Amino acid sequence: MSNAPVDQGRRRFLTIATSVVGGVGAVGAAVPFVASWMPSEKAKQAGASVSADISKLEPGQLIRVEWRGKPVWIVKRPQAMLDELATHEDKLRDPASEIEQQPAYAQNRHRSKKPEIFVAVGICTHLGCSPTYIADDFAAQVEGVTSGFFCPCHGSKFDMAGRVFQSVPAPKNLQIPPYMFTDDNTILIGDDEGTV
């Protein structure tokens, strides 16, 4: 070793320069790693809210939209359908919607914010089939009931509020997704005033 004096300025410079280069390298390695934890654009869209225009929805008509890969039904119920909901509650498994399958604002007889607009996930609660909407001839399935949803796979039956009838395989009412009306003609499914 040399007996030459140590240059403290040079040593300090090399220490600081090495620390800065090492810090930049650590940040450069951490950024892609942390970015890999973020959901992809495809994943963000799959969980995003869906907007539905109901301005042309006729009484008794059903439209379907897709939300999170599931079919969501929107039905405009005429007054006759709404009046019928009270006539068959003795035939339902959960007429008061006590089993949680809906947001609090939909825990009522019509299971919706606005009585005339019904919004539900169109998947049977038995095995995940998609029931068929029967607008006028549901009495063939349940005596005295004009309209409803029938799952042909195993025979589950739901009324026009998505409430399940007794003595069918489906254990629960149809699920009601979170939704809100952004105006009189538009529904935002997947978001409501209560969710962030």
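Here the structure is shown first, and the text comes after it.
Cut-off values and rules
Residues numbered from 1 in each chain as written. Predicted model: local features only at pLDDT ≥ 70, side-chain atom pairs only at ≥ 80, totals over all residues. Heavy atoms only, no water. Helix = DSSP H or I, 4+ residues; strand = E, 2+ residues; numbered from the N terminus. Buried < 20%, exposed > 50% of the residue type's maximum accessible area, 1.4 Å probe, protein only. Contact = heavy atoms within 4.5 Å. Pairing = 2+ DSSP bridges. Axes fitted to C-alpha atoms, helices over the stretch in contact; angles between N-to-C directions.

**Student:** Sorry if this is basic, but what is going on with the environment of Phe138 here?
**Tutor:** Topologically, Phe138 is positioned in the loop between β5 (132-134) and β6 (148-151). With a relative accessible area of 0%, Phe138 lands in the buried category. Once residues lying within four places of it in the same chain are set aside, the contact partners of Phe138 are Val145, Thr146, Ser147, Gly148, Phe149, Phe150, Lys157, Phe158 and Phe165.

**Student:** Looking at this structure, how should I read the sheet that holds strand β4 (residues 117-121)?
**Tutor:** Whether parallel or antiparallel, the strands of a sheet pair through hydrogen bonds between backbone atoms. Spatial strand order, β2-β3-β4: 3 strands in an open sheet with antiparallel pairing. Only two strands of the sheet have a single neighbouring strand rather than two, namely β2 (62-67) and β4. Across the sheet, the mean angle separating the axes of adjacent strands is 20° when strand polarity is ignored. Pairing analysis gives 6 bridges linking β2 to strand β3 (residues 70-76), with the strands arranged antiparallel. The residue of β3 that forms the bridge with Leu62 is Val75.

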